[in-house]
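Below are the chains, spelled out letter by letter.
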Amino acid sequence: MKKNSCISFVFIVLFGLSVQGQTKKWTLEECVKYAIQNNISIKQSELDSKTANIDKKGAIGNFLPSLNASASHSWNIGLNQDITTGLLQNQTTQFTSAGANVGVDIYKGLQNQNTLRKANLSIMAAKYQLLKMQEDVALNVANAFLQVLFNKENLKVQKEQLGINEKQYARSEELVKAGSIPRGDLLDIKATVALNNQNVIAADNALLISKLSLAQLLQLKDFENFDVVDDTDVKDENNIMAQTPTAIYDKAKEGRTELKIARTNLEIAQKNVAIAKGAYQPTLQGFYSFSSRVGYSDRVVGFQPNTSNPTSVVGYVEGTNQDVLQNNFSPVLGKALPFFDQFSDNKGHSFGAQLSIPIFNGFSARNNVERSKVSLERSKIAVEQQDLDLQRNVFTAFADAKGALNAYESSVVALESRQGAYDYAKEKYAVGLMNSFDFNQSQTLLTNAQSDVLRTKYDYIFKIKILEFYFGIPLIKN
């Protein structure tokens, strides 16, 4: 029973280690998609889009009526005017008032309409800015991804070179014992092995740093276990190099996000001029107002018939004897008057239209128009400059890609020659026809040629991606 338990435990442990060892390897497409979903800069651009939509709601609200309600209650203590007799009396009076006002713009120099159009353009501009941010992040991720691939291959080359030199060191020990080569050559090989060890450590650190940089672009925390697929083929799948720079530029003018942003900003500037000019025109606003009030005091403001004396007459006659009033009437205090009845009796309505004609406002409207026109001219220049920048970037990118392809093809030819020279030097060194210094030189030239192939290969791949980007081919498929 114990034996079976031990076997199960060992199986579980080995299975867990196997699962941990199977680190997920990310493709370029997965890296780009993940970065677009989690990058901080992209999230900030998404907030800008939300702000633009809120501004549109505000622009729509300008067309709706404004409704405001108010209410107040006040106490006046001391010598106040009586609310019934109009005489000044020492008393406490209270007033309650309430009202509501409605206003609506009938005509405002088309400012509300132009503000709404501007808000729609701002939403479009925010979407283009978000797309531009996504494209920039995608290019940065592609560059970082290729840097990881370069460092992985470079580390592999350095390790292979170290293995070759270690074997060569062991072989040299035998040649020294046999007297075929001097002992000094063995020391040179030993120094070369130590240098190769340093190169392996440097290449390993470079790979770790490049993985960290890519993981940070993706907003990943566990970068130590992060790895990418080893896709190192050099190919122009879309045959972009068959296109001319002019054809790529014409295609870029139709779809490049930078130009769309500049053109949209130009339209926004035009709407700002129209909004500013609207201040020159008269404005017409309709309004409606409702109000009511209640006032009462703590003193006697009237009399009502005494029910115990049915012969009494309702009313008050100036100069009537006070005793008669006391015998035939009962006093009524102001605070006892019906509250809601007074609201109904004192209500009032007012409505109409207000026309405002601007005559002179300290050049405020005029200066706003002039500032808007200056901004419009800036936007026009920005569109022209963006078009020139795009043309320069496309032609430069095409020349860079063509040069990178030539450099890669040349480095491949050079590597083949260096490999042949190294193999020949290795044979001569093995029979004692070449000293260790010359042999190490041949080996160093081979290593440099291998590094040049790697460097030019990934440089060419990235420049092809940039050309495809300008031609409208996305880095990842939607």
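Source: prediction; values computed, not measured. Every chain is numbered independently, its residues counted from 1 as its sequence is written. Local features are withheld for residues below a pLDDT of 70 in this predicted model, meaning they are given only at 70 or higher, and side-chain atom pairs are given and counted only at 80 or more; totals for whole chains, interfaces and linings count all residues. Side-chain numbers come from the whole structure's heavy atoms, not from hydrogens or water.

**Quick look at the confidence of the model for the protein**
Right, so step 1: Scored by pLDDT, the protein comes out at a mean of 81, with 82% of its residues at no less than 70.
Right, so step 2: How sure the predictor is of each residue is captured by pLDDT, a score from 0 to 100. By definition, any uninterrupted DSSP run of H or I lasting at least four residues is a helix, any uninterrupted run of E lasting at least two residues is a strand, and each is numbered from the N terminus. Least confident of the elements in the protein is helix α1 (residues 2–21), whose mean pLDDT is 42; most confident is helix α7 (residues 257–277), at 94.
Right, so step 3: Only heavy atoms matter for contacts: two residues are in contact if any of them lie within 4.5 Å across the pair. The model gives residues 300–304 a pLDDT under 50, and that stretch makes 19 contacts with residues more than four places away or in other chains.
Right, so step 4: Scored below 50 in pLDDT, residues 309–336 makes 43 contacts in the model with residues more than four places away or belonging to other chains.

**As for the packing of helix α4 (residues 111–178) against helix α5 (residues 183–217)**
Right, so step 1: Axis definition: a line fitted to C-alpha atoms, over the contacting stretch in the case of helices. Angles run 0 to 180 degrees between N-to-C directions. One way to put it is that α4 packs onto α5 with a least axis distance of 8 Å and a crossing angle of 165°. By the angle between their axes, α4 is roughly antiparallel relative to α5. Here α4 and α5 pass one another in a crossing that is left-handed.
Right, so step 2: When grouped by side-chain class, the residues that make up the contact of α4 with α5 number 17 nonpolar, 14 polar and eight charged. Oblique is the label for any angle not covered by the other classes, which are roughly parallel (under 35 degrees), roughly antiparallel (over 145) and roughly perpendicular (65 to 115). Each crossing gets its handedness from the near helix: less than a right angle anticlockwise from the far helix is left-handed, clockwise is right-handed. Each residue gets one label: Ala, Val, Leu, Ile, Met, Phe, Trp, Tyr, Cys and Pro are nonpolar, Asp, Glu, Lys and Arg are charged, and the others, such as Gly, are polar.

**Some points on the environment of E166**
Right, so step 1: You can see E166 is positioned in helix α4.
Right, so step 2: Exposure remark for E166: the relative accessible area of 41% places this residue in the partly exposed category.
Right, so step 3: Considering only alpha carbons, one finds E166 and N196, 30 residues apart in sequence, at a separation of 9.5 Å. Only protein chains enter the calculation, and the probe is 1.4 Å; a residue is then buried if its accessible area is under 20% of its type maximum, exposed if over 50%, and partly exposed in between.

**Quick look at the packing of aromatic side chains**
Right, so step 1: Centres within 6.5 Å are what make two rings of Phe, Tyr or Trp a pair, Trp counting through its six-membered ring; a difference in plane orientation under 30 degrees is then read as stacked, over 60 as edge-to-face, and the rest as tilted. Here the structure, examined in full by the defined rule, presents six aromatic pairs.
Right, so step 2: Between W26 and Y34, the aromatic rings sit 5.3 Å apart at their centres with planes inclined by 85°, giving edge-to-face as the arrangement.
Right, so step 3: With relative accessibility at 27%, the residue Y34 sits in the partly exposed group.
Right, so step 4: Following the ring pairs from residue to residue traces out a cluster consisting of W26, Y34 and F226.

**Observations regarding the side chain of T456**
Right, so step 1: For T456, the location among the structural elements is in helix α11 (residues 436–470).
Right, so step 2: Relative accessible area serves as the criterion here: at 5%, T456 is assigned to the buried category.
Right, so step 3: If sequence neighbours within four positions are ignored, T456 has contacts with A404, A407, Y408 and S411.

**Topic: α5**
Right, so step 1: In this analysis, the expected span of each helix is defined as 1.5 Å times one less than the number of residues it contains. Here α5 contains 35 residues, and its C-alpha end-to-end distance of 52 Å stays within 8% of the 51 Å for a straight helix at 1.5 Å per residue.
Right, so step 2: One or two residues past the end of α5 sits Q219, with phi positive at roughly 60°.

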